[in-house]
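Given next are the chains, with one letter for each unit.
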Amino acid sequence: MSPAGGGRRLLVRDLAQLATPRGSDVPLRGKALGEVDVLEDAYVICDGDSIESVGRMRDLSSLEGDVEELDGRGLCAIPGLVDCHTHACFAGDRVEEFALRAGGATYEELHAAGGGIMATVNATRAAGEAALGEAVRGHRSWMLRVGTTTFESKSGYGLDRETELASLRAIAAAGGVPTWLGAHAVPPEFEDGDTYLDFALGEVLPAAAQLAEAADVFLERGAFDLAQARRYLDACARAGLALRIHGDQFTEQGAVGLAIELGARSVDHLEATGADGVAALAKSRVVAVLLPASALFLDRPMPPGRELVDAGAAVALATDFNPGSAFCESLPLVCSLAATQLKLSPAEALAACTVNAAHVLGRSVRLGRLAPGFAADIVLLDAPDWRYLAYHLGGELVAHVVVGGRRVELP
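**Student:** So what's going on with the layout of surface pockets? Which residues, and what values?
**Tutor:** There is about 220 Å³ of room inside the largest pocket. Forming the walls of the largest pocket are Arg 145, Val 146, Ser 330, Pro 332, Leu 333, Gly 394, Gly 395, Glu 396, Leu 397, Val 398, Leu 410 and Pro 411. For the lining of the largest pocket, a count of residues per class yields 7 nonpolar, 3 polar and 2 charged.

Structure follows, in structure tokens:
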């Protein structure tokens with residue numbers, strides 16, 4: 001989402017605090033996940049779309065030339081937040097389904113009755129590419145307002161060639177990182193998952209691989225089984241796509257082992273992951289992407305966040321923003337849930353939705369830290385302490401957002 005630089009300079013000055021994950025390693029694990037450098041009375045200088053320097057105001061020398069200034073008094077700077085798992089390209093809503101679930105219907109019951117994912121598929125197919133583009137831009141504006149400067153979004157609400165490709169184009173046009181979730185559900189025009197995968201891999205994958213950066217699959221009872229997920233991901237890897245897996249959301253179906261076997265970037269959800277899965281992830285390079293807003297929204301058990309961190313697994317946080325199971329675009333709220341429900345510290349939560357989330361998207365060289373050479377994506381919190389990011393539950397914390405060295409007018 002960062003525009004190209006061009007000689008502009010921006011000084012963010014007199015910050016109460018500047019907080020950034022320590023060091024240069026990625027992904028962060030164990031003790032390192034909770035190590036944050038905090039500067040009091042700080043500044044950031046941006047040159048074009050990159051950070052030139054950070055430091056304390058007492059060490060700031062006079063700047064020559066034309067420099068725009070942003071007053072940071074009373075504010076705290078953190079890196080732009082990175083949401084590495086969303087479903088932001090959809091039409092319609094599922095508010096009626098939400099009301100039914102509040103009355104006792106389960107997610108799986110709604111899905112079996114033709115609700116759930118397929119309800120959004122029908123609305124998304126009917127919308128057309130222009131409307132999908134407008135929807136993604138609107139959702140992006142919601143994310144910016146709460147400090148998300150980089151977002152990933154999946155397709156998966158088309159499940160036909162035209163709508164899947166239109167979705168990937170709409171995501172990219174809105175500045176998102178597109179992921180082809182071609183194996184999200186089996187649409188009703190196909191008799192089973194294998195027949196649908198014949199179509200998806202033969203007719204959609206060649207074009208999707210030119211638009212997307214990664215591929216994802218919903219490996220779960222009632223969606224795609226282990227053999228089907230392996231078939232899909234093998235084909236996507238051969239087409240040059242990075243691999244991701246929705247796994248262990250409701251039941252353990254082998255997602256962790258498959259992610260490790262295939263060298264996937266991440267396995268996401270993990271609400272049903274047991275001790276063996278935790279231990280396996282701790283020994284692997286696969287990032288565990290935790291989605292506590294989804295677990296809360298569906299009244300499901302929370303993923304084992306503390307256990308994963310203590311075992312040494314690489315952990316990231318994301319919203320899972322979607323119309324059915326996590327209608328939430330706020331990473332600050334997710335940080336609060338990480339602290340209160342997953343038992344992560346505020347420092348661990350910050351690293352999980354900056355450095356480690358950027359790693360999942362293959363962007364950790366440029367995103368996730370406030371340091372020279374990194375993208376000038378900065379969030380200024382209207383708070384006396386940066387830890388309000390997790391502490392202020394659902395609060396309107398974001399005072400300013402800088403993307404690519406330019407202050408963004410928040411909607």
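**Student:** Can you break down empty space enclosed by the protein residue by residue, with the values?
**Tutor:** What the rule picks out here adds up to 3 cavities of 30 Å³ or more. If you add up the space inside the second largest cavity, you get close to 50 Å³.

**Student:** Just give me the short version of unusual backbone geometry, but keep the residues and values in it.
**Tutor:** Note the cis peptide between Val 26 and Pro 27, where omega equals -15°. You can see Pro 27 is positioned in the loop between β1 (9-21) and α1 (30-33). The backbone of Leu 159 sits at a positive phi, close to 55°, despite the residue not being glycine. By the element assignment, Leu 159 lies in the loop between β7 (148-154) and α6 (161-173). Of note, the phi angle at Leu 270 is positive, near 70°, even though the residue is not glycine. Here Leu 270 lies in the loop between β11 (266-269) and α10 (275-282).

**Student:** Let's hear about the pattern of salt bridges: which residues, and what values?
**Tutor:** Following the criterion strictly, the structure yields 21 salt bridges and no others. Across the pair Arg 363 and Glu 213 runs a salt bridge whose closest N-O atoms are separated by 2.8 Å. Of this pair, Arg 363 sits in the loop between α15 (355-360) and β14 (378-381) while Glu 213 sits in the loop between α7 (193-211) and β9 (214-219), and the two are 150 residues apart along the sequence. Asp 268 is the partner of Arg 244 in a salt bridge, and the nearest nitrogen-oxygen pair spans 2.7 Å. Linking Arg 244 in strand β10 (residues 242-247) with Asp 268 in strand β11, this pair joins segments that are 24 residues apart in sequence. For the pair formed by Arg 244 and Asp 268, the shared burial category is buried. Within this structure, Glu 152, Lys 154, Asp 216, Arg 244 and Asp 268 form a network of salt bridges that share partners.

**Student:** I'd like to hear about a negative patch on the surface, residue by residue, with values.
**Tutor:** On the surface, a cluster of negative charge is made up of Glu 191, Asp 192, Asp 194 and Asp 225. Relative to the assigned elements, Asp 194 resides in helix α7. Residue classification places Asp 194 among the partly exposed residues on the basis of a relative accessible area of 39%.

**Student:** Kindly report on the environment of Leu 333, identifying the contributing residues and their values.
**Tutor:** Tracing the sequence through the fold places Leu 333 in helix α13 (residues 331-340). A residue is classified by how much of its surface remains accessible, and Leu 333, at 24% relative accessible area, is partly exposed. Each C-alpha atom of the pair Leu 333 and Ser 24 lies 26 Å from the other, and the pair is 309 residues apart in sequence. Other than its neighbours up to four places away in sequence, Leu 333 contacts Cys 328, Leu 393 and Gly 394.

**Student:** For the side chain of Ser 53, give the residues involved together with the corresponding values.
**Tutor:** Of note, Ser 53 is situated in strand β3 (residues 50-56). Classification of Ser 53 as buried rests on a relative accessible area of 17%.

**Student:** So what's going on with helix α4 (residues 117-127)? Residues and values would help.
**Tutor:** Three or more residues of α4 are buried, namely Ile 117, Met 118, Thr 120, Val 121 and Thr 124. Buried residues along α4 cover an arc of 150° about the axis, so they all sit on one side. Positioned one or two residues after α4, Gly 128 has a phi angle of 90°, which is positive.

**Student:** So what's going on with the packing of helix α5 (residues 129-145) against α6? Residues and values would help.
**Tutor:** Axis separation between α5 and α6 bottoms out at 9 Å; the angle between their running directions is 40°. Taken together, the axes of α5 and α6 lie oblique to each other. Between α5 and α6 the crossing geometry is right-handed. Across the interface between the two elements, Glu 129, Leu 132, Gly 133 and Val 136 of α5 pack against Thr 163, Ala 166, Ser 167, Arg 169, Ala 170 and Ile 171 of α6. Broken down by class, the residue content of the contact of α5 with α6 amounts to 5 nonpolar, 3 polar and 2 charged.

**Student:** Describe in detail the pairing of β3, supporting the description with residues and values.
**Tutor:** Of the pairings in the sheet, the one linking strand β2 (residues 36-47) to β3 comprises 6 bridges and is antiparallel in character. Residue Val 44 lies in a different strand from β3, and its bridge partner there is Val 54. Linkage of β2 to β3, two consecutive antiparallel strands, is achieved through a turn of 2 residues, within which Gly 48 is found at a positive phi near 65°.

**Student:** Provide a residue-level description of the nonpolar core, including the pertinent values.
**Tutor:** The biggest cluster of nonpolar side chains holds 102 residues, and the ones touching the most others in it are Trp 180 and Tyr 232. When residues in this core are grouped by element, the largest group, 10 residues, is from α7. Core analysis: the next-biggest nonpolar cluster, separate from the first, contains 17 residues, Leu 10, Ala 42, Ala 376 and Leu 380 among them.

**Student:** If you had to explain helix α8 (residues 226-238) to someone new, which residues and values would you point to?
**Tutor:** With 13 residues, α8 ought to run about 18 Å at 1.5 Å a step, and its terminal C-alpha atoms sit 18 Å apart, in line with that. Taken together, the buried positions of α8 are Gln 228, Ala 229, Tyr 232, Leu 233, Ala 235 and Cys 236. When α8 is viewed along its axis, its buried side chains cluster within an angular range of 160° and face the same direction. Opposite the buried face of α8, by more than 90 degrees, sit the exposed residues Ala 227 and Arg 238. Close packing links the buried residues of α8 with β8 (177-183), α7, β9, β10 and α9 (255-262). One side-chain oxygen at the N-terminal end of α8 lies 3.2 Å from the backbone nitrogen of Ala 227; it belongs to Asp 225. Taken from the residues just after α8, Gly 240 is the one with a positive phi, measuring 95°.

Reading the values: rules and limits
Residues numbered from 1 in each chain as written. Predicted model: local features only at pLDDT ≥ 70, side-chain atom pairs only at ≥ 80, totals over all residues. Heavy atoms only, no water. 1 Å grid on protein atoms, 1.4 Å probe; cavity = no way out; pocket = protein on both sides within 12 Å on 5 of 7 lines; lining within 4 Å. Points joined across faces, edges and corners; volume = space filled by probe spheres on them. Nonpolar A, V, L, I, M, F, W, Y, C, P; charged D, E, K, R; others polar. Helix = DSSP H or I, 4+ residues; strand = E, 2+ residues; numbered from the N terminus. Salt bridge = Lys/Arg side-chain N within 4 Å of Asp/Glu carboxyl O. Buried < 20%, exposed > 50% of the residue type's maximum accessible area, 1.4 Å probe, protein only. Patch = residues over 30% accessible without salt bridge, like charges linked within 9 Å, V, L, I, M, F, W, Y side chains within 5 Å. Areas by Shrake-Rupley, 256 points an atom, 1.4 Å probe, with all protein chains shown as cover. Lys, Arg positive; Asp, Glu negative; His and termini not counted. Charge placed at Lys NZ, Arg CZ, Asp CG, Glu CD. Contact = heavy atoms within 4.5 Å. Arc of directions from axis to C-beta. Axes fitted to C-alpha atoms, helices over the stretch in contact; angles between N-to-C directions. Parallel < 35°, antiparallel > 145°, perpendicular 65-115°, else oblique. Left-handed = near helix turned anticlockwise from the far one by under 90°. Pairing = 2+ DSSP bridges. Core = buried A, V, L, I, M, F, W, Y, C linked by side-chain atoms within 4.5 Å. Expected span 1.5 Å × (residues − 1). Polar contact = N/O pair within 3.5 Å; in protein donor to acceptor, adjacent residues only side chain to side chain.

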